[in-house]
Structures are given as structure tokens and as C-alpha cells.
Amino acid sequence: NRGYTPGFATAMMLKDLKLAMDAAATAGASTPLGAQAEALYALFDNLDGRDADFSGIYKLIEGSWGRD
């Protein structure tokens, strides 16, 4: 896992999720799991995860983000 060093930054994942959610809304599609993913990545982004690799959200979910 390379210590969750940046490869594909959280900020980029959040941007892509927002684009996907906008496209889903335009199509009238219900995407509850997409909305949850966007909310989690927005939280991670706001907790200084913006420049971390997107897979680092695992640390947020398990409760160890920011304890290093």
C-alpha cells in the first residue's frame, strides 16, 4: 500500500465523484451509495486528506486517520 502515499489524490477522487453525481442527477438516476462516497471523500478532504492517496480513506473509516 506504500503507506497511502499519493498516487491518485483524494482531491481528484472527490472531483470525479462530484462529476459522476452531477451526471446521475442530470439523468434522473438515484445513486445513494455514490452520494455516501462523495460525502465521505468530502469529509476526508476537509480533514487534511486532500493530498493523500484516495485509498487512504480506509484510515478514516477504521478510525486511525490523523493518529500518525
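Each remark here, short or long, concerns the structure printed above.
This write-up is about the structure you can find in this document.

About the criteria used
Residues numbered from 1 in each chain as written. Predicted model: local features only at pLDDT ≥ 70, side-chain atom pairs only at ≥ 80, totals over all residues. Heavy atoms only, no water. Core = buried A, V, L, I, M, F, W, Y, C linked by side-chain atoms within 4.5 Å. Buried < 20%, exposed > 50% of the residue type's maximum accessible area, 1.4 Å probe, protein only. Helix = DSSP H or I, 4+ residues; strand = E, 2+ residues; numbered from the N terminus. Phe/Tyr/Trp six-rings, centres within 6.5 Å; stacked < 30°, edge-to-face > 60°. Polar contact = N/O pair within 3.5 Å; in protein donor to acceptor, adjacent residues only side chain to side chain. Axes fitted to C-alpha atoms, helices over the stretch in contact; angles between N-to-C directions. Parallel < 35°, antiparallel > 145°, perpendicular 65-115°, else oblique. Left-handed = near helix turned anticlockwise from the far one by under 90°. Contact = heavy atoms within 4.5 Å.

## Looking at the nonpolar core
- Counting residues in each nonpolar core, the largest one holds eight residues, listed as M13, L14, L17, Y41, F44, A52, I57 and L60.
- When residues of this core are traced back to their parent elements, those giving at least two are α1 (10-27), α2 (32-49) and α3 (57-62).
- Of the residues forming this core, the biggest block, three residues, is contributed by α1.

## Things to note about the packing of aromatic side chains
- Taken as a whole, this structure holds two aromatic pairs when the rule is applied.
- Look at F44 and W65: their rings are 4.6 Å apart centre to centre, the planes differ by 70°, and that puts the pair in the edge-to-face class. On the criterion of sequence distance, the pair formed by F44 in helix α2 and W65 in the segment after α3 is long-range, its members being 21 residues apart.

## Looking at unusual backbone geometry
- The backbone of D48 sits at a positive phi, close to 65°, despite the residue not being glycine.
- The topology assignment puts D48 in helix α2.

## Some details on the side chain of D53
- Along the chain, the position of D53 falls in the loop between α2 and α3.
- Reaching out from D53, the side chain makes a polar contact with the backbone nitrogen of F8 at a distance of 3.0 Å.
- At 2.6 Å, the side chain of D53 forms a polar contact with the side chain of S55.

## Examining the packing of α1 against α2
- Contact pair α1 / α2: the axes reach a minimum separation of 9 Å and the direction vectors enclose 150°. One finds that α1 runs roughly antiparallel with respect to α2. With respect to the hand of their crossing, α1 and α2 are arranged in left-handed fashion. For the pair α1 and α2, contact is made by T10, A11, M13, L14, L17, K18 and M21 and by G34, A35, A37, E38, Y41, A42, F44, D45 and G49, respectively.

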